[in-house]
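# Inside the fold
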Amino acid sequence: MKPFDPSGPALPTQAATLNPRPAAPPATRLLLIRHAEVEAGYQGVFGGRIDMDLSPRGHDQAITMARYLHAKPLSAIYASPMKRVQQTLAPLLLNGAPKPVILPDLREVDFGDWTGLSWDQVQAKFGVSAFSWLDHLECGGIANAECGETFRERVEPCLERILADHAGEPVAIFCHGGVIRMVLSILLRWPLSSMAMFEIEYASLTQVALLPHKPRLQLLNFAPWRELASWSPTAGHETSGPGKSATATQ
C-alpha cells in the first residue's frame, strides 16, 4: 500500500456524494380565535344561533386581541357572519389587516331546544347534564339541534377551502367555541366529544401548525386580555372559573 500523499488530489467528501435534503415546506398556521365576551343576558347559556352583541368588557377584549395580532403577519382572515364575531374582528381591521372573507358556514352550532337555556335549565327541563353537551351533540341527543355529523358537513368544506387556498401561510379564523372544537376534531382526528377536554374561552387564540406529517397544537386557549393584562383595559377582572365553563356555549 502506498503511503498517503497530502499533495495528491483531494478525495471527495461524504457530504459531496449525498443528495442534499430538500427543505421542508413551510407549515400552514391556523389561528383560531373565539369571539369576545357577549352581552350579559346571554352569558352562561347555550347561545348558538342567537345573534347577540358583545358586552362592554367584550369590546375591550377585542381591542386587546387586535393589539396582540397586529404584530403577527396574516395572509388572510376568515370569519363567521354573526355579530359577536364581527364585533370581535372590527378593531383588527382598523390596523390594515387583510379584508376578511365571511363564510356563513362558520356560524355557531345550532343547539336546537337547548338554545337560550342555562346549564341548570337544561338539567331541569330535559333531565340531562349540560356538562356533556358535546356528547349529546355528537350523537344527536339534543332535539332539533345540529348533530355532530351535520355540523361537520358544513364546517369541513370551509376548512378544506382555507387550507387549499393558503398552503404554507398564516391564516386567522374568527369564529365560535363550537366551531373551534369541530376544527380541532377534524385536524387532530379525534371525536368531537373528546374536545370537551379543551377550554376555549372568550377572546382566546388557539393555534395549529399543519406540518407535512402531522398537525401540531402550538397554542391552546391563549387569552391576551388575561395573559397580557398590562395591555388590557379590563386588567384585574376574573374569568369564569372551571366547572361549568359557561363561556363554552355561545
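Residues numbered from 1 in each chain as written. Predicted model: local features only at pLDDT ≥ 70, side-chain atom pairs only at ≥ 80, totals over all residues. Heavy atoms only, no water.

## Focus: the side chain of Glu37
For the record, the criterion: Under the scheme used here, helices are H or I runs from DSSP no shorter than 4 residues and strands are E runs no shorter than 2 residues, and both carry numbers assigned from the N terminus. Exposure classes here rest on a 1.4 Å probe applied to the protein chains alone. A residue is buried below 20% of its type maximum, exposed above 50%, and partly exposed in between. Definition of a polar contact: a pair of N or O atoms within 3.5 Å, with one able to donate and the other able to accept a hydrogen when the atoms are protein atoms, and with sequence-neighbouring residues admitted only if both atoms are side-chain atoms.
Mapped onto the fold, Glu37 is located in the loop between β1 (28-34) and α2 (56-70). The class for Glu37 is buried, based on a relative accessible area of 10%. Here Gln43 takes part through its side chain, which lies 3.5 Å from a polar atom of the side chain of Glu37. Within polar-contact distance, the side chain of Glu37 engages the side chain of Ser55 at 2.7 Å.

## Notes on unusual backbone geometry
Positive phi values are uncommon outside glycine, yet Arg189 reaches one of about 60°. Topologically, Arg189 is positioned in the loop between α7 (177-188) and β5 (205-210). Despite not being glycine, Asn221 shows a phi value in the positive range, around 55°.

## Some thoughts on the packing of aromatic side chains
The geometry of two aromatic rings is summed up by the distance between their centres and the angle between their planes. Note the threshold: Between the rings of Phe, Tyr and Trp (Trp by its six-membered ring), a pair exists once the centres lie within 6.5 Å; its type follows the angle of the planes, with under 30 degrees stacked, over 60 edge-to-face, and the other angles tilted.
The tally for this structure, following the rule as stated, stands at 8 aromatic pairs. The interplanar angle of 45° and the centroid separation of 5.1 Å between the aromatic rings of Tyr68 and Phe222 together place this pair among those described as tilted. Placement of Tyr68 in helix α2 and of Phe222 in strand β6 (residues 215-222) is noted, with a sequence separation of 154 residues between them. Accessibility assignment for this pair places Tyr68 and Phe222 in one class, buried. Here Phe111 and Trp133 contribute two aromatic rings whose centre-to-centre distance is 5.6 Å and whose plane-to-plane angle is 65°, an arrangement assigned as edge-to-face.

## A closer look at the side chain of Asn221
Quick reminder of the rule: Contacts: residue pairs with any heavy atoms within 4.5 Å of one another.
The residue Asn221 is located in strand β6 in this model. Beyond its immediate stretch of four places on either side in the chain, Asn221 contacts Glu199, Ile200, Glu201, Ser204, Leu205, Thr206 and Arg226.

## Observations regarding the environment of Trp119
Position of Trp119 relative to the elements: it lies in helix α4 (residues 119-126). Relative accessible area serves as the criterion here: at 8%, Trp119 is assigned to the buried category.

## With respect to the packing of α2 against helix α3 (residues 83-93)
This is how it is decided: To obtain an axis, a line is fitted to C-alpha atoms, over the contacting stretch when the element is a helix, and the angle between two such axes runs from 0 to 180 degrees between their N-to-C directions. Angle categories: roughly parallel below 35 degrees, roughly antiparallel above 145, roughly perpendicular from 65 to 115, and oblique for all the rest. Left-handed describes a crossing whose near helix is turned anticlockwise from the far helix through less than a right angle; right-handed describes the clockwise counterpart. We call Asp, Glu, Lys and Arg charged. Ala, Val, Leu, Ile, Met, Phe, Trp, Tyr, Cys and Pro are nonpolar, and the rest, Gly among them, are polar.
At their nearest, the axes of α2 and α3 sit 8 Å apart, and the two run at 45° to each other. As summarised for this structure, α2 and α3 are arranged oblique, according to the angle between their axes. Crossing of α2 over α3 shows right-handed handedness. Where α2 approaches α3, its residues His59, Ala62, Ile63, Ala66, Leu69 and His70 are matched on the opposing element by Gln87, Thr88, Pro91 and Leu92. Taken together, the residues of the contact of α2 with α3 break down into 6 nonpolar, 4 polar and no charged.

## Description of the pattern of salt bridges
Note the cut-off: Put simply, a salt bridge is a Lys or Arg side-chain nitrogen that is within 4 Å of an Asp or Glu carboxyl oxygen.
One pass over the structure, following the stated rule, counts 9 salt bridges. Glu156 is paired through a salt bridge with Arg152; the nearest N and O atoms lie 3.1 Å apart. Here Glu156 and its partner Arg152 are both found in helix α6 (residues 148-165), 4 residues apart, which amounts to about one turn of the helix. The partly exposed category is assigned to Glu156, whose relative accessible area is 22%.

## Section: the environment of Gly116
Counting through the fold element by element, Gly116 comes out in the loop between β3 (101-102) and α4. Of the residues examined, Gly116 reaches a relative accessible area of 34% and is grouped as partly exposed. When the C-alpha atoms of Gly116 and Phe46 are compared, they prove to be 5.3 Å apart, with 70 residues separating the residues in sequence. Ignoring anything within four residues of it in the chain, the contact list for Gly116 reads Val45, Phe46, Ile50 and Gln121.

## Some points on α6
Put simply, the rule reads: To estimate how far a helix should extend, the number of its residues minus one is multiplied by 1.5 Å. To get the bend at a residue, fit one axis to the 7 residues ending there and another to the 7 starting there, then take the angle between the axes.
Here α6 spans 26 Å end to end across 18 residues, near enough to the 26 Å set by a 1.5 Å rise per residue. The principal kink in α6, of about 25°, is found at Arg154, preceding the proline Pro157 by one to four residues. In the core, the buried residues of α6 are packed alongside β1, β2 (76-79), α5 (133-138), β4 (170-175) and α7.

## With respect to the sheet that holds β2
As a reminder of what qualifies: Whether two strands pair depends on DSSP finding at least two bridges between them.
As summarised here, the arrangement of the 6 strands in space is β3-β2-β4-β1-β5-β6, forming an open sheet in which the pairing is mixed. Both outer strands of the open sheet, β3 and β6, are each paired with one neighbouring strand and no more. For β2 and β4, the ladder comprises 4 bridges, and the chain directions are parallel. When the bridges of β4 are listed, Ile77 appears paired with Ala172.

## Some words on the state of the cysteines
What makes a disulfide is a covalent bond joining the sulfur atoms belonging to two cysteines. This is how the line gets drawn: The disulfide definition used here is simple: a pair of cysteine sulfur atoms within 2.5 Å.
For the structure shown, the criterion picks out 0 disulfides. Of all cysteine sulfurs, the one in Cys175 lies closest to Cys158, which takes part in no disulfide; the gap is 9.8 Å. Given the relative accessible area of 1%, Cys175 is considered buried.

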